[in-house]
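A structural walkthrough
These are the residues of each chain, in order.
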Amino acid sequence: MSFRQLVGALTVIVGGMLWSCAPPQPGYAPGYRGGMVTSADSLATQAGLDILKKGGNAFDAAVTVGFVLAVTHPQAGNIGGGGFALIYVVDSSKVYALDFRETAPHRASRDMYLDNDGEAIDQLSTKGFLASGTPGTVAGLLEILNCFGSLPRTEIMQPAIDLAESGFIVDSALAARFANYAESFAQFASTRKYFLQDGQPFTGGDTLIQADLARVLKLIAEKGKAGFYSGETAGRLATEMSKHGGLIDEFNLASYQAVWREPIQFDYSRLTIYSISPPSSGGVIMGEIFGILANFEISGRQPTDPWYIHLLTESCRLAYADRSVYLGDPDFAYNPTELLLSQDYLYTRSRQIDTTQALPSIRVGAGLEVKESESTTHYCVIDSAGNIVSLTYTINSNFGCKQVVNGLGFFMNNEMDDFSIKPGMPNQFGLIGGEANAIAPGKRMLSSMSPTIVFYNDRPTMIVGTPGGSKIITSVTATILNFFGFGMSLDSAINLPHYHHQWLPDKLYYEKGAFDTTQIRVLTDMGHNLQQRSDYGDLQVIVIQPDGSYVGASDRRGNGYAAGY
Ligand code: DON
């Protein structure tokens with residue numbers, strides 16, 4: 001039976017009802033069996049694929065991709081940031097979640113970004129080294145390699161070292177990013193030194209050589225974690241921090257640990273969805289959205305039906321209202337995860353939805369507005385045995401805090417901005433929240449990153465993730481619903497224009513083409529406050545077909561590359 005026939009026969013039970021699916025296309029790439037990688041950058045995808053071809057497993061390849069993106073995709077790929085990985089290990093048939101989120105430096109304090117009047121100081125938590133948390137990426141990638149990899153570290157890291165040392169050709173997409181941020185780059189001497197040439201951004205066709213970054217990567221290849229978190233690299237990083245107002249010191253670096261956590265797992269009809277637990281809100285909020293939706297009969301509806309768009313929007317509004325109030329680093333704050341994902345709670349939440357009228361967010365709950373930021377990257381890897389890595393990592397904004405570490409050549413994150421900068425203070429509606437995500441020394445800031453693995457009938461079937469800040473969760477949710485629920489082809493499922501509601505601000509954002517004039521009129525009449533915005537996200541997806549072969553797709557919105565063999 002072909003994938004099309006099998007999935008065509010798929011019926012999804014929603015809230016006890018049958019949701020029949022139209023037959024999806026089997027994806028636009030041919031099915032591969034040796035392995036597959038999808039990432040935001042073709043050089044990174046190719047490097048990962050080469051490792052698989054050499055006999056490395058998915059874990060080896062994922063570490064290679066992570067380090068290569070740090071060289072070739074500097075707007076988000078990083079060693080100066082952090083992230084989350086969801087890993088499926090065939091031998092144990094288990095899904096593991098690795099948290100390598102940044103931590104607040106031990107000298108960080110709750111009100112560090114506020115002035116004497118308690119107001120947030122402009123750009124203090126977004127620009128320059130004071131915005132940086134202690135980076136977790138190197139610890140995270142090496143943890144994956146140590147626990148599950150099979151090839152030597154030096155071999156895994158060589159592609160990244162080569163690309164940094166010999167350089168790579170800047171393509172038009174990266175050149176456009178550089179041009180957009182040239183003004184910010186110019187504000188920092190170190191960034192000017194590495195990422196401008198005579199004050200001008202690199203343009204398409206230029207070769208970008210990163211000799212200092214290559215040296216750091218070599219130290220990591222030789223010494224492992226010690227090559228970054230102690231010795232020369234840590235010393236230099238701490239010195240540069242103290243010279244330029246940052247708080248990260250050698251103690252912070254030496255004590256950084258990636259942490260294995262229980263993934264969030266929830267069922268939706270025949271799907272079992274695994275995603276990331278706090279300190280990412282991704283898994284819990286996605287679980288809430290699906291759990292609220294499950295109380296409605298969706299059978300026979302189309303994804304373009306305003307009734308469905310309204311229902312999904314209201315489910316998102318209710319789920320996101322819980323995000324800022326209840327979630328934060330579980331090592332510091334109690335997260336009522338089980339309660340939030342319980343059927344009773346989600347049923348009660350679903351009863352708040354009026355299927356004909358939008359519920360004003362002010363009547364939904366308390367909390368602070370979830371802020372948006374611009375750059376992160378996701379990649380997926382699968383090997384011939386079926387081992388899987390779904391990994392999202394970030395330096396938060398494009399090029400993080402915009403300041404490069406002099407002598408080391410990489411951008412630091414501005415992840416401190418993901419904390420509630422003003423917890424306990426009334427938001428624009430006079431509501432209170434955000435205590436669980438207040439700044440504290442050593443604490444991890446709340447994230448929306450959602451590397452996800454979807455099982456269909458207990459079999460791993462989809463690997464998915466994207467950048468997009470707070471919009472990550474709704475983009476991943478829509479992709480799963482589009483593919484499994486509405487039976488769209490893989491490329492249609494990810495390329496369908498997005499829409500997004502996150503409770504506050506009380507707006508239904510949509511990409512160009514998401515709604516036609518009739519939909520806009522109906523949704524506006526229902527009370528939705530619509531606002532068109534630019535495209536967002538860069539979904540990377542792999543689907544494991546029923547015959548065991550792999551197809552992958554990379555978002556039209558980005559410049560990524562899906563490849564297999
Ligand atoms: O952890 C988070 O949720 C954010 N720092 C992610 C930022 C992001 O996705 C920006 N990308 N478009």
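Summary of the structure given here. Along every chain, residues carry numbers that run from 1 in the direction the sequence is written. Local features are withheld for residues below a pLDDT of 70 in this predicted model, meaning they are given only at 70 or higher, and side-chain atom pairs are given and counted only at 80 or more; totals for whole chains, interfaces and linings count all residues. Side-chain metrics rest on all non-hydrogen atoms present in the structure, leaving aside hydrogens and water.

What about the overall build of the protein chain?
- Tallying secondary structure elements over the protein chain gives 18 helices and 22 strands in all.
- With the C-alpha coordinates aligned to their principal axes, the bounding extent of the protein chain is approximately 60 × 60 × 40 Å.
- Taking all 565 residues of the protein chain together, 63% fall into the buried category.
- For every accessible area listed, the method is Shrake-Rupley and the probe measures 1.4 Å; residues are considered covered only by the protein chains on display. Accessible area for the protein chain stands at about 19,400 Å²; split by element, carbon and sulfur atoms hold 49% of it.
- Taking the average location of the 40 positive side-chain charges in the protein chain and that of its 55 negative ones, the two points are 1 Å from each other. Secondary structure is summarised from DSSP: a helix means a run of H or I of at least four residues, a strand means a run of E of at least two, and numbering begins at the N terminus for each. Remark: exposure states derive from per-residue accessible area (1.4 Å probe, protein chains only) relative to the maximum for the residue type, with buried under 20%, exposed over 50%, and partly exposed in between. Neither His nor the chain termini are counted; the positive set is Lys and Arg, and the negative set is Asp and Glu. By convention, charge coordinates are those of NZ in Lys, CZ in Arg, CG in Asp, or CD in Glu.

Topic: the site of the ligand
- Near is defined per residue: the residue qualifies when any heavy atom it owns lies within 4 Å of the molecule or strand. Near the ligand there are 15 residues, and of these Thr-376, Glu-415, Asp-418, Ser-447 and Ser-448 occur at the shortest range.
- In protein, a polar contact requires one atom able to donate a hydrogen and another able to accept it; more generally it is a pair of N or O atoms within 3.5 Å, and residues adjacent in sequence count only if both atoms are side-chain atoms. Between an oxygen atom of the ligand and a side-chain N or O atom of Ser-447, the distance comes to 2.7 Å.
- Between the ligand and the protein, one listed contact pairs an oxygen atom with a backbone N or O atom of Ser-448 at 2.7 Å.
- When the free accessible area of the ligand is taken as 340 Å², the share hidden by the protein chains comes to 97%.
- Its residues placed into classes, the shell around the ligand shows three nonpolar, eight polar and four charged. Side-chain classes are defined by residue name, with Ala, Val, Leu, Ile, Met, Phe, Trp, Tyr, Cys and Pro counting as nonpolar, Asp, Glu, Lys and Arg as charged, and the others, Gly among them, as polar.

Section: the sheet that holds strand β12 (residues 271-275)
- At least two bridges found by DSSP between two strands is the condition for calling them paired. Overall, antiparallel pairing links the six strands, which are arranged β11-β12-β15-β16-β20-β21 in an open sheet. Edge positions in the sheet fall to β11 (264-268) and β21 (550-554), since each has one partner strand and no second. Between one strand axis and the next, the sheet turns through 20 degrees on average, direction left out of account.
- Here five bridges tie strand β15 (residues 452-456) to strand β16 (residues 459-465), and the two strands are oriented antiparallel to one another. Bridge pairing in β16 places Phe-455 opposite Pro-460.
- Contacting β11, β12 and β15, helix α12 (residues 282-293) runs over the sheet at an angle of about 15 degrees to β11.
- Whether two residues are in contact is decided by their heavy atoms: any pair within 4.5 Å suffices. Here, axes are lines fitted to C-alpha atoms. For helices the fit covers the stretch in contact, and angles between N-to-C directions go from 0 to 180 degrees. The strands touched by helix α16 (residues 472-485) are β11, β12, β15, β16 and β20 (540-544); relative to β16, the strand with the most contacts, the crossing angle is about 140 degrees.

Describing the packing of aromatic side chains
- Planes of paired rings set the category: under 30 degrees apart is stacked, over 60 is edge-to-face and the rest tilted, where pairs are Phe, Tyr or Trp rings (Trp by its six-membered ring) whose centres lie within 6.5 Å. In the structure shown here, the tally under the stated rule is 27 aromatic pairs.
- Note on Phe-228 and Tyr-229: the rings are 4.8 Å apart at their centroids and 70 degrees apart in plane angle, and the pair reads as edge-to-face.
- For Tyr-229, a relative accessible area of 4% translates into the label buried.
- By the ring-pair criterion, three or more aromatic residues cluster together here, those being Phe-178, Tyr-181, Phe-185, Phe-195, Phe-202, Phe-399 and Phe-411.
- Two thresholds decide whether a charge sits over a ring: the Lys NZ or Arg CZ must be within 6 Å of the ring centre and within 35 degrees of the ring normal. Its guanidinium or amino end placed over the ring of Trp-307, Arg-301 lies 3.9 Å from that ring's centre, counting from NZ or CZ.
- Between Arg-351 and the ring centre of Phe-296, over which it is positioned, the NZ or CZ distance is 5.6 Å.

A look at the side chain of Gln-502
- Looking at the secondary structure, you find Gln-502 in the loop between β17 (499-500) and β18 (508-511).
- A residue is classified by how much of its surface remains accessible, and Gln-502, at 1% relative accessible area, is buried.
- One polar contact links Gln-502 to His-500, side chain to side chain, over a distance of 3.0 Å.

With respect to the pattern of salt bridges
- Salt bridges are counted wherever a side-chain nitrogen of Lys or Arg sits within 4 Å of a carboxyl oxygen of Asp or Glu. Counted under the stated rule, the structure contains 21 salt bridges.
- Close ionic contact of Arg-261 with Asp-99 constitutes a salt bridge, the shortest N to O distance being 2.8 Å. In this pair, Arg-261 is assigned in strand β10 (residues 259-261) and Asp-99 in strand β5 (residues 94-100), connecting sequence segments 162 residues apart.
- Overall, Asp-99 belongs to the buried group, its relative accessible area being 1%.
- For Arg-101, the salt bridge identified is with Glu-102, shortest N-O distance 4.0 Å.

Remarks on the nonpolar core
- Grouped together as the largest cluster of nonpolar side chains are 82 residues, with contacts concentrated most on Phe-67, Ile-79, Phe-178, Leu-217, Tyr-379, Leu-391 and Met-412.
- No other element matches helix α3 (residues 58-72), which puts eleven residues into this core.
- Not counting residues up to four positions away in its chain, the partners in contact with Phe-67 are Ile-79, Val-138, Leu-141, Leu-142, Met-157, Ala-160, Leu-217 and Ile-220.
- Residues Val-95, Tyr-274, Ile-309 and Val-541 belong to the second largest nonpolar core, which totals 81 residues. Throughout this description, the term nonpolar core refers to a set of buried Ala, Val, Leu, Ile, Met, Phe, Trp, Tyr and Cys residues connected via side-chain atoms within 4.5 Å.

Topic: the packing of α12 against helix α15 (residues 343-350)
- With their axes 8 Å apart at the nearest point, α12 and α15 run at an angle of 65 degrees to one another. Taken together, α12 and α15 sit at an angle that is classed as roughly perpendicular. With respect to the hand of their crossing, α12 and α15 are arranged in right-handed fashion. Here Gly-287, Glu-288, Gly-291 and Ile-292 of α12 lie close against α15, whose contacting residues are Tyr-345, Leu-346, Arg-349 and Ser-350.
- Considering only residue class, the contact of α12 with α15 consists of three nonpolar, three polar and two charged. Should an angle fall under 35 degrees it is called roughly parallel, over 145 degrees roughly antiparallel, and 65 to 115 degrees roughly perpendicular, with every other angle called oblique. If you view the pair so one helix is near and one far, a crossing is left-handed when the near helix is turned anticlockwise from the far one by less than a right angle, and right-handed when it is turned clockwise.

Let's talk about helix α10 (residues 231-243)
- One less than the number of residues in a helix, times 1.5 Å, gives the span that helix is expected to have. With 13 residues, α10 should cover 18 Å at 1.5 Å per step; its first-to-last C-alpha distance of 18 Å lies within 8% of that length.
- Those residues of α10 that fall on the buried side of the exposure criterion are Thr-233, Ala-234, Gly-235, Leu-237, Ala-238, Glu-240 and Met-241.

So, the packing of helix α5 (residues 153-166) against helix α8 (residues 211-223)
- Here α5 crosses α8 at 175 degrees, and the two axes come no closer than 8 Å. The angle between α5 and α8 places the two elements in the roughly antiparallel class. Residues Arg-153, Thr-154, Met-157, Ala-160, Ile-161, Ala-164 and Glu-165 of α5 form the contact with α8, whose own contacting residues are Ala-211, Ala-214, Leu-217, Lys-218, Ile-220, Ala-221, Glu-222 and Lys-223.
- Along the lines of polarity and charge, the residues of the contact of α5 with α8 split into nine nonpolar, one polar and five charged.

Considering unusual backbone geometry
- Following Pro-278, the chain continues into Pro-279 via a peptide bond in cis, with omega recorded as 20 degrees.
- Its place among the elements puts Pro-279 in the loop between β12 and α12.
- Its identity is not glycine, yet Asp-198 carries a phi of approximately 50 degrees, on the positive side.
- On the secondary structure map, Asp-198 appears in the loop between β7 (196-197) and β8 (200-201).
- You can call Asp-198 exposed: its relative accessible area is 82%.
- A positive phi is found at Phe-399, a non-glycine position, where the angle reads about 60 degrees.

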